[in-house]
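Next come the chains, spelled out residue by residue.
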Amino acid sequence: MIQIDTQQPWPAFLSWDTEGGKRVEQNLLRKDARMSLRVKVNGTWIEAATLPVAKDGDSVSAGVLLTNYLIEVAPGKKAQWQLKDSTFGRFTAFTLGGSDASMVKEAELLLPFDATVTPTTVLPHAWNDDDTMILPAIISAPDFGQVLVTSKSPAVKARLEGNREQHTVDFIIQLPWSSEVTLTPLVLAPPSGLKDVSMWREARRGWFGALQCSAKWGDPNRPYSSPPGLLCNNVVSDPASPSIWFYADQSFWIPQLAEGVNVMDNVRYTLDWWLDNKVLQNGKMVGYWDKTDFLDGNAGPLIAAWDYVETSNDTAWLAKRIERLEFVASYLEQRDIDNDGLIEAEQSGNANTLKDEKRSCAWWDALNCGHKDAYTNAIIYRAFRCLADLEKRAGRAEKATRYTERANKLKAAYFPTFYNPETGWLVWWISADGVKHDYASPTTNGIAIEYGLVEPEKGREILAKLRGKMKEVGFTRFDLGVPGQLIPVLRADYLQPACGCPEREDGTDTFGYYMNGGITAGQVLHFLAAHYVVGDPEPADEILRAMLKRQDQGGFQNGAVNEYPKGIDWTTWDGKPSGYEGYLADSFRFLQAVLLREAPFREKLYRPLAASK
């Protein structure tokens, strides 16, 4: 829906709901801004709103309303600006042209989105070195839907610029003279081969939620910033290497989002940026900002690289990048400091050792996880398997054997090290002083079972015990997902100070907030997938269906907030906000469970995990 003033062609309202709901009634544009045009007249940029504009009549053709305006760019010189709006809401087109405006060579159309409504982003055909994008592109407004932007003119490019503090996103389309840009609603078809499509309608509304390209924001000379085009937390938030594989896995299932838009190209673009700019001399990958020592920051890009090559068959890219990927893997290999097969973190994980400005060894950066960490070692195991498969594809048999043996050795040590016979599930981490840090984690246990580090029969037992623990502690809000921990995190095991950091030593005062037992939907994926892997789908389906209903109502994000504890990217056990982002792209990857319910999809994603020789 676009609302155009009767005399001025600068709309103050733009919205859509590709599922036919009522979200179309909420404006995606900022309250203090309008869609606007500026034109370059004799080499000088001028806001078209400051120029005389006259309406040149309306007409209807084949159900499409055509509204013409004449912009007087100079005395006696007028440019034509035409808007097409389908009465059936099928498309909106903007045309710049006219034979009476030879002084106008180009123009820019601005769509000023409000990221507090929803973090609207753009997924293009490709990104240029000058920070512009090439059309076609998809404007993705999470929980509202997606619009495909096309133009017949090859000269049309666009930019995506944002401001994190002000929560603004500006999509700027650069129009050469005599060009047209069309916006068409896009509805995503289910992945090929999906047998049970009953959940897909609810899933497809949120599927794009995990795919957020960054706008250009912040000072590029400082770590707290982002260039445009990186898959990240949200359009005006941080790129983070521990999360790259989240987005790559989501992209793996439906790489071709529309004709001319393959999201795996964005995965490659993101990978290249990290590999070129954020690898230190010892092979360590920066996690985000200037923070380092994330084990999954090194493992995640290896998994993402496999996702990309597996779907694209881009062996030329692989040949170019394989040694760089090996260099990233070498840091992980070096961290098997006691030669037991497990990869030890640089952080000790000992009580009271995680103090700001430090971070932990994992995506769970506010937890004190370190030394022998079960969560990151599960991801590293998959990363070694993926890298071994890439080496085979590249014809490097010796290297393939090396990483296969690395994975085998890690697997052999994993369960005996982390299994806690007193509780019947895996501990989260074992610190350098030998203490086991056990918080009854559905996520950590889930990912280990999902990736085959726990045998299926034992996995069923562990999952049943964790469900029993949920019942014991009174957790019932499965529409939110499941908590990351079912036992309060001790103050000694939490980043001090930080969001969710308890004051009580037993952690009970902030239990349910952020990483102290809070719930973030994306990490629930592994608990769900584990049930499917061990052949016990009913408990997972119950949780998944409840989460899908919440997702269909927009319950997993409340816009770009960037203020703790107002973000609903994390919630307490009763659904109150306990995060800070507001929108976290990771949250929407739980939707992959709709596919992983079916064995052929699991076989496709987990293929490297099945190879042990």
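Preceding this paragraph is the structure being described.
Residue positions within a chain follow its written sequence, with the count starting from 1. Two thresholds apply to this predicted model, a pLDDT of at least 70 for residue-level local features and 80 or more for giving and counting side-chain atom pairs, whereas whole-chain, interface and lining totals are computed over all residues. As a rule here, side-chain values cover all heavy atoms of the structure and leave hydrogens and water aside.

Visitor: If you had to explain the packing of helix α2 (residues 244-253) against helix α4 (residues 295-312) to someone new, which residues and values would you point to?
Guide: Axes here mean lines fitted to C-alpha atoms, for a helix over just the part in contact, with angles spanning 0 to 180 degrees between N-to-C directions. Under the scheme used here, helices are H or I runs from DSSP no shorter than 4 residues and strands are E runs no shorter than 2 residues, and both carry numbers assigned from the N terminus. Closest axis-to-axis distance for the α2/α4 pair is 8 Å, and the angle between their directions is 20°. One way to sum up the angle between α2 and α4 is to call them roughly parallel. Where α2 crosses over α4, the two elements pack in a sense that is left-handed. Residue-level inspection shows Ile244, Trp245, Ala248, Asp249 and Phe252 of α2 in contact with α4, the latter providing Gly300, Pro301, Ile303, Ala304, Trp306, Asp307, Glu310 and Thr311. Of the residues that constitute the contact of α2 with α4, the class distribution is 8 nonpolar, 2 polar and 3 charged. Note on terminology: angles under 35 degrees are roughly parallel, angles over 145 are roughly antiparallel, angles of 65 to 115 are roughly perpendicular, and the others are oblique. What makes a crossing left-handed is the near helix being turned counterclockwise from the far one by less than a right angle; a clockwise turn instead makes it right-handed. Contacts are assigned to residue pairs that have any heavy atoms within 4.5 Å of one another. Amino acids outside the nonpolar list (Ala, Val, Leu, Ile, Met, Phe, Trp, Tyr, Cys, Pro) and the charged list (Asp, Glu, Lys, Arg) are all regarded as polar, and Gly is one of them.

Visitor: If you had to explain the pattern of salt bridges to someone new, which residues and values would you point to?
Guide: Proximity of charged atoms lets side chains of opposite charge pair with each other. We define a salt bridge as a side-chain nitrogen of Lys or Arg found within 4 Å of a carboxyl oxygen belonging to Asp or Glu. Evaluated as defined, the whole model comprises 44 salt bridges. In this structure, the salt-bridge partner of Asp170 is Arg30, at a minimum N-O distance of 3.0 Å. Of this pair, Asp170 sits in strand β14 (residues 168-176) while Arg30 sits in the loop between β2 (13-14) and β3 (36-41), and the two are 140 residues apart along the sequence. The salt bridge involving Arg164 is made with Asp238; its shortest N-O contact spans 2.9 Å. On the criterion of sequence distance, the pair formed by Arg164 in the loop between β13 (157-163) and β14 and Asp238 in the loop between β17 (225-226) and α2 is long-range, its members being 74 residues apart. Residue class for Arg164 comes out buried when judged on its relative accessible area of 3%. Here the salt bridges do not stand alone but share partners, grouping Asp17, Glu19, Arg201, Arg204, Arg205 and Asp552 into one network. Exposure is judged per residue with a 1.4 Å probe applied to protein chains only, and the accessible area is read against the type maximum: over 50% gives exposed, under 20% gives buried, and values in between give partly exposed.

Visitor: Summarise the environment of Thr270; cite the residues concerned and give the values.
Guide: Mapped onto the secondary structure, Thr270 falls in helix α3 (residues 263-277). Sequence-distant contacts of Thr270, that is, excluding residues within four places in its chain, are made with Gly229, Leu230 and Leu231. Any pair of N or O atoms that falls within 3.5 Å is considered a polar contact. Within protein, one atom must be able to donate a hydrogen and the other to accept it, and sequence-neighbouring residues count only if both atoms are side-chain atoms. Among the polar contacts made by the side chain of Thr270, one reaches the main-chain carbonyl oxygen of Asn266 at a distance of 2.8 Å.

Visitor: Explain the sheet that holds strand β23 (residues 429-430) residue by residue, including any values.
Guide: The pairing criterion is simple: DSSP has to find at least two bridges between the two strands. Read from one edge of the open sheet, 3 strands run β20-β23-β24, paired in antiparallel fashion. Sheet topology places β20 (372-373) and β24 (436-437) at the edges, where each strand pairs with a single neighbour. Relative to β23, β20 runs antiparallel, the two sharing 2 bridges. Within β23, the position partnered with Lys372 by the bridge is Ile430.

Visitor: Got a sec to walk through the side chain of Gln496? Specific residues and values, please.
Guide: You can see Gln496 is positioned in the loop between α9 (456-473) and α10 (524-533). Of note is the side chain of Gln496, whose polar atom sits 3.4 Å from the side chain of Asn352. Setting aside anything within four residues of it in sequence, one finds Gln496 in contact with Asn352, Leu354, Lys355, Asp356, Arg491 and Cys501.

Visitor: Please set out the environment of Pro154 residue by residue, giving values where relevant.
Guide: Within the fold, Pro154 resides in the loop between β12 (145-150) and β13. The spatial distance from the C-alpha of Pro154 to the C-alpha of Ser179 is 9.4 Å, given a sequence separation of 25 residues.

Visitor: Go over the nonpolar core with me, naming the residues and quoting the values.
Guide: Leu37, Trp81, Phe113, Phe171, Tyr375 and Tyr414 are the most contacted members of the largest nonpolar core, which has 191 residues in total. Per-element accounting of this core gives the leading share, 12 residues, to helix α6 (residues 374-393). Ignoring sequence-local partners within four residues, the contact set of Leu37 consists of Trp10, Glu47, Ala48, Ala49, Ile71, Trp81, Leu96, Ala107, Glu108, Leu109 and Leu175. Buried Ala, Val, Leu, Ile, Met, Phe, Trp, Tyr and Cys residues that are joined via side-chain atoms within 4.5 Å together make up what is termed a nonpolar core.

Visitor: Describe the state of the cysteines, and please don't skip the residues or the numbers.
Guide: Defined by distance alone, a disulfide is two cysteine sulfur atoms within 2.5 Å. The final tally for this structure, using the stated rule, is 0 disulfides. Considering cysteine sulfurs only, Cys232 is the nearest to Cys213, which forms no disulfide, with 7.4 Å between them. Overall, Cys213 belongs to the buried group, its relative accessible area being 0%. Free of any disulfide, Cys386 has its nearest cysteine sulfur in Cys361, 20 Å distant. Under the relative-accessibility criterion, Cys386 is labelled buried at 1%.

Visitor: I'd like a description of a negative patch on the surface, backed by residues and values.
Guide: Residues enter patches when their relative accessible area tops 30% and they take part in no salt bridge; the joining distance is 9 Å for like charges and 5 Å for the nonpolar side chains Val, Leu, Ile, Met, Phe, Trp and Tyr. Every accessible area reported is derived by Shrake-Rupley at a probe size of 1.4 Å, with residue values counting cover from the shown protein chains alone. Working convention for charge: Lys and Arg count positive, Asp and Glu count negative, and His plus the chain ends are omitted. Each charge is placed at NZ for Lys, CZ for Arg, CG for Asp and CD for Glu. Taken together, Glu503, Glu505, Asp506 and Asp509 make up a surface patch of like negative charges. For Glu503, the position within the fold is in the loop between α9 and α10. Judged by relative accessible area, which is 68%, Glu503 ranks as exposed.

Visitor: Explain the side chain of Thr571 to me, and be specific about the residues and the numbers.
Guide: In this fold, Thr571 is placed in strand β25 (residues 567-571). Sequence-distant contacts of Thr571, that is, excluding residues within four places in its chain, are made with Leu480, Gly512, Gly518, Ile519, Lys576 and Ser578.

Visitor: Quick one: what's the story with the pairing of strand β4 (residues 44-47), residue by residue and with numbers?
Guide: Relative to β4, β3 runs antiparallel, the two being bridged by 4 bridges. Bridge assignment links Val39 to a residue of β4, and that residue is Ile46. The turn joining β3 and β4, which pair antiparallel and follow one another in sequence, is formed by 2 residues; a positive phi near 50° is taken by Asn42.

Visitor: I'd like a rundown of unusual backbone geometry, residues and numbers included.
Guide: Residue Pro136 is bonded to the preceding Leu135 through a cis peptide linkage, with omega at 10°. Mapped onto the elements of the fold, Pro136 is located in strand β11 (residues 133-141). Each neighbour pair has its own omega, and for Gln496 with Pro497 the value is -15°, a cis peptide bond. Relative to the assigned elements, Pro497 resides in the loop between α9 and α10. Here Trp289, not a glycine, exhibits a phi torsion of approximately 50°, which is positive. If you trace the backbone, Trp289 turns up in the loop between α3 and α4. The backbone phi angle of Ala440 is positive, close to 50°, even though this residue is not glycine. Since its relative accessible area comes to 0%, Ala440 is described here as buried.

Visitor: Provide a residue-level description of α3, including the pertinent values.
Guide: Helix span is expected to be 1.5 Å times the residue number reduced by one. Over its 15 residues, α3 extends 21 Å from the first C-alpha to the last, a length consistent with the 21 Å expected when each residue adds 1.5 Å. Listing the buried residues of α3 in full gives Val263, Met264, Asn266, Val267, Thr270, Leu271, Asp272, Trp274 and Leu275. On the buried face of α3, the contacting elements are β10 (121-127), α2, β18 (256-258), β19 (261-262), α4 and α5 (315-334). Capping the start of α3 is the job of one residue whose side-chain oxygen sits 2.9 Å from the backbone nitrogen of Met264: Asn262.

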